[in-house]
Amino acid sequence: MQCCYILREVDPEERRTNTLQLTEKGRALLSDVHKAWRAVDKIIQNAVGAENAEQLASLAFMLRDALGGRPPAKALGAGKPHRADVGARKG
């Protein structure tokens with residue numbers, strides 16, 4: 001099933017590389033995703049407290065990095081910090 005949120009193109013200079021971009025439909029959905037993240041952050045803070053929520057986020061970012069993941073902003077080369085970058089800097 002194709003939902004038309006992401007556009008995939010072959011890099012003209014490196015045919016083995018694909019470039020992914022959000023479509024207009026994908027960018028429109030991104031606002032809802034950010035709202036959901038904020039709601040989950042509040043649920044976590046209410047459940048374990050702000051300090052423990054920060055520690056949980058820091059550990060999650062460490063695990064992501066250890067497994068070879070990258071924050072979306074860094075993966076996309078964006079200059080603006082992503083939510084994950086901000087939390088990772090605190091740890």
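All of these numbers come straight from a predicted model, not from anything done at the bench. (Residues numbered from 1 in each chain as written. Predicted model: local features only at pLDDT ≥ 70, side-chain atom pairs only at ≥ 80, totals over all residues. Heavy atoms only, no water.)

Things to note about the confidence of the model for the protein
Inclusion rule: As a per-residue measure, pLDDT reflects the predictor's confidence and takes values from 0 up to 100. Comment: elements are numbered from the N terminus, with helices defined as DSSP H or I runs of at least four residues and strands as E runs of at least two. Whether two residues are in contact is decided by their heavy atoms: any pair within 4.5 Å suffices.
Overall, the predicted model of the protein reaches an average pLDDT of 82, with 77% of residues at or above 70. Per-residue pLDDT, averaged within each element of the protein, yields its smallest value for helix α4 (residues 83-90) (47) and its largest for helix α2 (residues 50-66) (95). Across residues 84-91 the pLDDT falls below 50, and counting only partners more than four positions away or on other chains, this stretch makes 13 contacts in the model.

Quick word on a nonpolar patch on the surface
How we decide: Patch membership is restricted to residues that have no salt bridge and whose relative accessible area is over 30%. Joining uses 9 Å for like charges and 5 Å for the nonpolar side chains Val, Leu, Ile, Met, Phe, Trp and Tyr. Accessible surface area values rest on a Shrake-Rupley calculation with a 1.4 Å probe, where residue burial reflects the displayed protein chains alone. Salt bridges are counted wherever a side-chain nitrogen of Lys or Arg sits within 4 Å of a carboxyl oxygen of Asp or Glu.
On the surface, Tyr5, Ile6, Leu20, Leu22, Leu29, Leu30, Val33 and Trp37 cluster together into a nonpolar patch covering about 630 Å² of accessible area. Looking at the nonpolar patch element by element, the count peaks at four residues for helix α1 (residues 24-48). Here tyrosine 5 lies in the segment before β1 (6-10).

A look at the side chain of arginine 64
For clarity, the threshold we go by: Two N or O atoms form a polar contact when they lie within 3.5 Å of each other; inside protein one atom must be a possible hydrogen donor and the other a possible acceptor, and for residues adjacent in sequence the pair counts only when both atoms belong to side chains.
When you line up the elements, arginine 64 lands in helix α2. Here the side chain of arginine 64 touches aspartate 65 through a polar contact of 2.8 Å, side chain to side chain.

Here's the deal with the packing of α1 against α2
Our working rule: Every axis in this analysis is a line fitted to C-alpha atoms, fitted for helices over the stretch in contact. Angles between the N-to-C directions lie between 0 and 180 degrees. Here is the rule for angles: anything less than 35 degrees is roughly parallel, anything more than 145 is roughly antiparallel, 65 through 115 is roughly perpendicular, and the remaining ranges are oblique. Helix crossings get a hand from a simple test, with the near helix turned counterclockwise from the far one by less than a right angle marking a left-handed crossing and a clockwise turn marking a right-handed one.
The geometry of α1 relative to α2 is characterised by a closest axis approach of 7 Å and an angle of 125° between their N-to-C directions. Comparing their axes, α2 and α1 come out oblique. Note that α1 runs across α2; the crossing there is right-handed. Every residue of α2 that contacts α1 at Ile44, Gln45 and Val48 is listed here: Ala50, Asn52, Ala53 and Leu56.

Digging into the packing of aromatic side chains
Basically, it comes down to this: A pair of Phe, Tyr and Trp rings is counted when the ring centres sit within 6.5 Å of each other, with Trp represented by its six-membered ring. The angle between the planes then sorts it: under 30 degrees is stacked, over 60 is edge-to-face, the rest tilted. A ring has a charge above it when a Lys NZ or an Arg CZ is no more than 6 Å from the ring centre and no more than 35 degrees off the ring normal.
Using the criterion set out here, one finds zero aromatic pairs in the structure. Here lysine 25 stacks its cationic end above the ring of tyrosine 5, 5.1 Å away from the centre of that ring.

A look at the pattern of salt bridges
As a reminder, the rule being used: Exposure categories follow from relative accessible area, calculated using a 1.4 Å probe and restricted to protein chains: below 20% of the type maximum is buried, above 50% is exposed, and the middle band is partly exposed.
Tallied over the entire structure, the rule returns three salt bridges. Taking the shortest distance from any N to any O, the salt bridge between arginine 16 and glutamate 14 comes out at 2.9 Å. Classification of arginine 16 by relative accessible area gives exposed; the value is 76%. Residue arginine 27 is joined to glutamate 24 by a salt bridge in which the shortest nitrogen-to-oxygen separation is 2.3 Å.

A few points about α1
What counts is decided by this rule: Expected helix span is taken as 1.5 Å per residue step, with the number of steps being one fewer than the number of residues.
Helix length check: α1, at 25 residues, gives a terminal C-alpha distance of 37 Å against a target of 36 Å (1.5 Å per residue), a fit within 8%. Just downstream of α1 lies glycine 49, where phi reads positive at about 90°.

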